[in-house]
Amino acid sequence: MVETTGGGPGDGTAEVLDRPLPDGVRRRVVQIVSDGFGGLTVAELPAQLRQYARFAPNRRAKFAGNAMAAALETDTLFRQRIGEKLREAQPELAGALDSGSPPPAADPLDVAAAAYVLRPAGWVKLVAAAGEEAQRADAERADEESRAELERLREELDRARELTRAETERLRAELDAAKKEAESLHRKLRAALSDVKRGEAALRKMQGAMEAGRTEGQTQVSAAESESRRLKARLGEVEAALEASRRAAREGRSVEDMRLRLLLDTVLDAAQGLRRELALPPVSVRPAETVDAVEPGRMTPKDIAARALSENDPAILDQLLALPQAHLVVDGYNVTKTGYPQMPLEKQRLRLLGQLSQLAAQTGAEVTCVFDGAELVAPVLLAPPRGVRVLFSKPGVTADELIRQLVRAEPPGRPVIVASTDREVADGVAKAGARPVASAMLLKRLS
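Let me sum up the structure you'll find in this document.

Side note on the pattern of salt bridges
Evaluation of the coordinates by the stated rule reveals 19 salt bridges. Note that R172 and E169 form a salt bridge whose closest N and O atoms lie 3.7 Å from each other. Here E169 and R172 lie together in helix α7 (residues 123–278), a separation of three residues that amounts to about one turn. Among the ionic pairs, E366 bridges to R414, the shortest N-O distance being 2.5 Å. Of the two residues, E366 is situated in strand β2 (residues 366–371) and R414 in the loop between α12 (399–409) and β4 (416–419); the sequence distance between them amounts to 48 residues. Three or more residues are tied together by salt bridges with common partners; here these are E366, R389, E410 and R414.

Next comes the structure, spelled out in structure tokens:
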């Protein structure tokens, strides 16, 4: 440590404290620095303490205590200035320290703190003596506190012993009463156990009787339920048979009436068409008509030869649709996948139905288009075009089977044309009396 001002051999500047400053002395030193802090200008303060210049003494001691103690230890000039302020505040204590005889009535901590700041000759001994005195005072105070605490604990122990003796006497009395009560309860318990055993025996007897009655009742109930189920089943069979017979009678009459009426319309239309085709006169033959000649518009053998058409000629389809009451049944996906398979199914259906609507308007024939419902992932929402009936097969039923059902539903004698390339469909409808045509022929006619 380098001092900013010199000292003679009689002062204490050369003395060094070889142990930490006692806590009590350090607190008094910080308070001395805090008190003298306010009497110094900012320029007289060390750089690290200037930020605390405007703090109140108590607040300064609280927040800048470590910084002030360090500055006092390292900055000799600052310590001398604080010492001057201490001499002004406590001249008697400072003079006594300078003379080497501190007041005997002064607080040892105050004497040590002043000696640490003023650094008179022998200040290290004063600080050490103050520390020892503080430790001795602390030890005496701790001893007094220990004696007081021991006395208090002895008193509490005596009170606890008194309470324990009283509690023990009370518990003994309660234990005696509990023993007497327990003996009485044991006697009552033995009597109750005897009653319980007799009750259990009676209960087992009653349970046996109830179980026998329950078994007999369940047997009777089971027999009654079996008879009831048999009668209900028989009644359901009778009702189902009656309803089936009624429905069959109604459907038989309605289907037969419809088939008969349709067949009658077909015969009438055929007769009228035949009359037009044969050009039957409304009256008897006139003499002029017996003359052998060629009339305008009459077919010659050459014209008849020209009427022979190819098997795939769309004109054959026109001739078939020109028959009275003709019904065209179209295998939808078979036709669209033959003509335009690259298109999505929805666009295939829309294109085919639009063309069939035009065909129905041109020919006047009944047109039914059948699609396979197994091709669908969801119900189709569309408005059928004018003149075309659109049907989808139900789950588990193919479009081929639905086409055969439609053909079988028609009366014998009505012209039914089925457009499909499926050989199995064609053979099946041909056996049922319908005329199969290839899908390519229908596509040519539609285009």
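Remarks on the pairing of β4
Side-chain positions along a regular strand alternate between the two faces of the sheet. Here β4 shows two buried faces, one formed by V416 and V418 and the other by I417 and A419. Sheet topology places strand β1 (residues 327–331) next to β4; four bridges connect them, and they run parallel. Its bridge partner lying in β4, V330 is registered against A419. Sheet topology places β4 next to strand β5 (residues 435–437); three bridges connect them, and they run parallel. Within β5, the position partnered with I417 by the bridge is R435. Taking the sense of rotation as the criterion, the β-α-β connection linking β4, helix α13 (residues 423–431) and β5 turns out right-handed.

Here we look at the nonpolar core
Ranked by internal contacts, the top residues of the largest apolar core, which has 33 residues, are V29, L72, F78 and I82. Mapped by element, the contributors of at least two residues to this core are α1 (23–37), α3 (65–74), α4 (76–89), α5 (91–99), α6 (108–118) and α7. L72 has contacts with V29, V33, F78, R79, I82, Y116 and V117, leaving out every residue within four places of it along the chain. Formed by 28 residues, the second largest nonpolar core is a distinct cluster that contains L317, L352, I417 and L446.

Concerning unusual backbone geometry
The phi angle at Q325 is positive, at roughly 55°, despite the residue not being glycine. Relative to the helices and strands, Q325 is located in the loop between α9 (314–321) and β1.

Describing the packing of aromatic side chains
Here the structure, examined in full by the defined rule, presents two aromatic pairs. Taken together, the ring pairs in this structure connect Y333, F371 and F392 into an aromatic cluster.

Overview of the sheet that holds strand β3 (residues 388–392)
Across the sheet, five strands lie side by side as β3-β2-β1-β4-β5; this open sheet has parallel pairing. Of all strands in the sheet, those with a lone pairing partner are β3 and β5, marking the two edges. Put simply, the sheet's adjacent strands are angled 20° from each other on average, direction ignored. Direction of pairing for β1 relative to β2: parallel, over a ladder of five bridges. Residue pairing in the sheet places H327 in a bridge with E366 of β2.

Considerations on α9
Where α9 is concerned, the buried positions are P314, I316, L317, L320 and L321. Burial along α9 is one-sided: seen end-on, the buried residues are contained in an arc of 150°. For α9, the secondary structure elements touched by its buried residues are β1, α11 (345–363), β4, β5 and α14 (439–446).

A few points about the packing of α3 against α4
Between α3 and α4, the shortest axis-to-axis distance is 5 Å and the interhelical angle comes to 105°. Here α3 is positioned roughly perpendicular relative to α4, judged by the angle of their axes. Residues M68, A71, L72, E73 and T74 of α3 touch α4, and the partners they reach there are T76, F78, R79 and I82. Its residues placed into classes, the contact of α3 with α4 shows five nonpolar, two polar and two charged.

Basis of the calculations
Residues numbered from 1 in each chain as written. Predicted model: local features only at pLDDT ≥ 70, side-chain atom pairs only at ≥ 80, totals over all residues. Heavy atoms only, no water. Salt bridge = Lys/Arg side-chain N within 4 Å of Asp/Glu carboxyl O. Helix = DSSP H or I, 4+ residues; strand = E, 2+ residues; numbered from the N terminus. Buried < 20%, exposed > 50% of the residue type's maximum accessible area, 1.4 Å probe, protein only. Pairing = 2+ DSSP bridges. Right-handed = clockwise from strand over helix to strand, strands pointing away. Core = buried A, V, L, I, M, F, W, Y, C linked by side-chain atoms within 4.5 Å. Contact = heavy atoms within 4.5 Å. Phe/Tyr/Trp six-rings, centres within 6.5 Å; stacked < 30°, edge-to-face > 60°. Axes fitted to C-alpha atoms, helices over the stretch in contact; angles between N-to-C directions. Arc of directions from axis to C-beta. Parallel < 35°, antiparallel > 145°, perpendicular 65-115°, else oblique. Nonpolar A, V, L, I, M, F, W, Y, C, P; charged D, E, K, R; others polar.

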